[in-house]
Amino acid sequence: MRLVLLGAPGAGKGTQAVLLKERHNLAHISTGDIFRQNLKDNTPLGLEAKKFMDAGQLVPDEIVMKMVGAKLSEFKPGEGFMLDGFPRTVAQAEFLETQTKLDGVIMFKVPDEAIVKRLTSRAVCKNCGNVTNIHEHDKCPACGGELYRRDDDNEQTIRERLKVYHEQTESLVDFYRTRNLLLEIDATGMPDEVFTRVIETLEND
Ligand code: AMP
């Protein structure tokens, strides 16, 4: 199965990807994670992407498409994956159509104000990547690892990322609806409630 996880930043795509990965044995490809790993490793790609990430802007299409193209070429026919955070523009979606056939696009719907609330309290485990709430935990509840806040999870950058989402990414909902690939999910509430909706929608489709 080859899926795209679509939705605003903080809609829960990464959290649901971890749950889906276990259930359907799909590789999880997060373009944001790839950029953050490159930044950690101090690669030219990471340093280039940082300017855009810190400003809440999208990394230019050519850079992202080259990176995703290289990643997708590692997959053999029949091997499944979920794309998390890609595509984010129509140009990227058109590019993706030249690279692979998709089985579905899950759209995670959450109102903007709930997103701001989620992201201003989001913490990520340095050790296992688990996402949690900074007001509820001092250490990762899954592995005891140290928690950190993402640089772009401050209110000003969050609002910019949401604006960019509405301007550049939201039109992909129609793009995939017209291709009959769209599966819309109410992504409010706790992760396990959302996951139940995902499974019901995906497995009854
Ligand atoms: P994410 O972890 O998906 O929230 O992505 C973090 C940041 O990485 C975004 O705010 C963008 O600056 C950049 N990024 C990730 N994926 C893409 C993409 N498909 N196109 C452009 N920029 C991206």
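First, a word on what this report is: a plain description of the structure on this page. Worth saying up front: this structure is predicted, and the values here are computed from it rather than measured.

The rules behind the values
Residues numbered from 1 in each chain as written. Predicted model: local features only at pLDDT ≥ 70, side-chain atom pairs only at ≥ 80, totals over all residues. Heavy atoms only, no water. Helix = DSSP H or I, 4+ residues; strand = E, 2+ residues; numbered from the N terminus. Rg over C-alpha atoms; globule rule 2.2 N^0.38 Å. Contact = heavy atoms within 4.5 Å. Areas by Shrake-Rupley, 256 points an atom, 1.4 Å probe, with all protein chains shown as cover. Lys, Arg positive; Asp, Glu negative; His and termini not counted. Charge placed at Lys NZ, Arg CZ, Asp CG, Glu CD. Near = heavy atom within 4 Å. Polar contact = N/O pair within 3.5 Å; in protein donor to acceptor, adjacent residues only side chain to side chain. Nonpolar A, V, L, I, M, F, W, Y, C, P; charged D, E, K, R; others polar. Axes fitted to C-alpha atoms, helices over the stretch in contact; angles between N-to-C directions. Parallel < 35°, antiparallel > 145°, perpendicular 65-115°, else oblique. Left-handed = near helix turned anticlockwise from the far one by under 90°. Pairing = 2+ DSSP bridges. Buried < 20%, exposed > 50% of the residue type's maximum accessible area, 1.4 Å probe, protein only.

### A closer look at the overall build of the protein chain
The secondary structure content of the protein chain amounts to nine helices and eight strands. For 205 residues, the compact-globule estimate of 2.2 N^0.38 gives 17 Å, and the C-alpha radius of gyration of the protein chain, at 16 Å, lies within 12% of that figure. Reported as C-alpha extents along the three principal axes, the dimensions of the protein chain are approximately 40 × 40 × 30 Å. Pairs at least 24 apart in sequence give 69% of the contacts found in the protein chain among residues at least 6 apart. Of the roughly 10,800 Å² that the protein chain leaves accessible, carbon and sulfur atoms contribute 49%. A gap of 3 Å separates the mean positions of the 27 positive and 33 negative side-chain charges of the protein chain.

### Remarks on the site of the ligand
Residues in close proximity to the ligand total 15 residues, the closest being Thr31, Arg36, Gln57, Gly85 and Arg88. In this structure, a nitrogen atom belonging to the ligand sits 2.8 Å away from a side-chain N or O atom of threonine 31. For the ligand, a nitrogen atom lies 2.9 Å from a polar atom in the backbone of glycine 85. Here the ligand, which alone exposes 480 Å², has 96% of that area covered by the protein. Residues of the shell around the ligand, tallied by class, amount to six nonpolar, five polar and four charged.

### A word on the packing of helix α1 (residues 13-24) against helix α9 (residues 191-203)
For the pair α1 and α9, the least separation of the axes is 10 Å and the interaxial angle reads 50°. Taken as axis vectors, α1 and α9 run oblique relative to one another. Crossing angle aside, the handedness with which α1 passes α9 is right-handed. Every residue of α9 that contacts α1 at Thr15, Gln16, Leu19, Leu20, Arg23 and His24 is listed here: Pro191, Val194, Phe195, Val198, Ile199, Leu202 and Glu203. Split into classes, the residues belonging to the contact of α1 with α9 amount to eight nonpolar, three polar and two charged.

### Digging into the sheet that holds strand β2 (residues 27-30)
One open sheet holds the five strands; their spatial order is β2-β3-β1-β4-β8, and the pairing between them is parallel. Two strands bound the open sheet, and with one partner strand each, they are β2 and β8 (182-186). Neighbour-to-neighbour, the strand axes of the sheet open up by a mean angle of 20°, direction not taken into account. By the bridge criterion, five bridges tie strand β1 (residues 2-7) to strand β4 (residues 104-109) in an arrangement that is parallel. Bridging across to β4, valine 4 finds its partner in valine 105. Packing of helix α2 (residues 31-40) onto the sheet brings it into contact with β2 and β3 (81-84), and relative to β2 it is tilted by some 70°.

### Observations concerning the pairing of β1
Each regular strand displays side chains that alternate between the two surfaces of the sheet. Across the six residues of β1, six count as buried, placing the element largely inside the fold. Of the two faces of β1, the one carrying Arg2, Val4 and Leu6 and the one carrying Leu3, Leu5 and Gly7 are both buried. Pairing geometry for β1 and β3, over four bridges, is parallel. Residue arginine 2 lies in a different strand from β3, and its bridge partner there is phenylalanine 81.

### Some points on the sheet that holds strand β5 (residues 122-125)
The three strands lie next to each other as β6-β5-β7, forming an open sheet whose pairing is antiparallel. Edge strands, defined here as strands with exactly one partner in the open sheet, are β6 (131-133) and β7 (147-148). Inspection of the sheet shows β5 paired to β6 by three bridges, in the antiparallel sense. When the sheet's bridge partners are listed, alanine 123 is paired in β6 with threonine 132.

### Focus on the side chain of glutamine 16
Locating glutamine 16 in the fold gives a position in helix α1. Residues in contact with glutamine 16, not counting those within four places in the same chain, are Phe108, Pro191, Val194, Phe195 and Val198.

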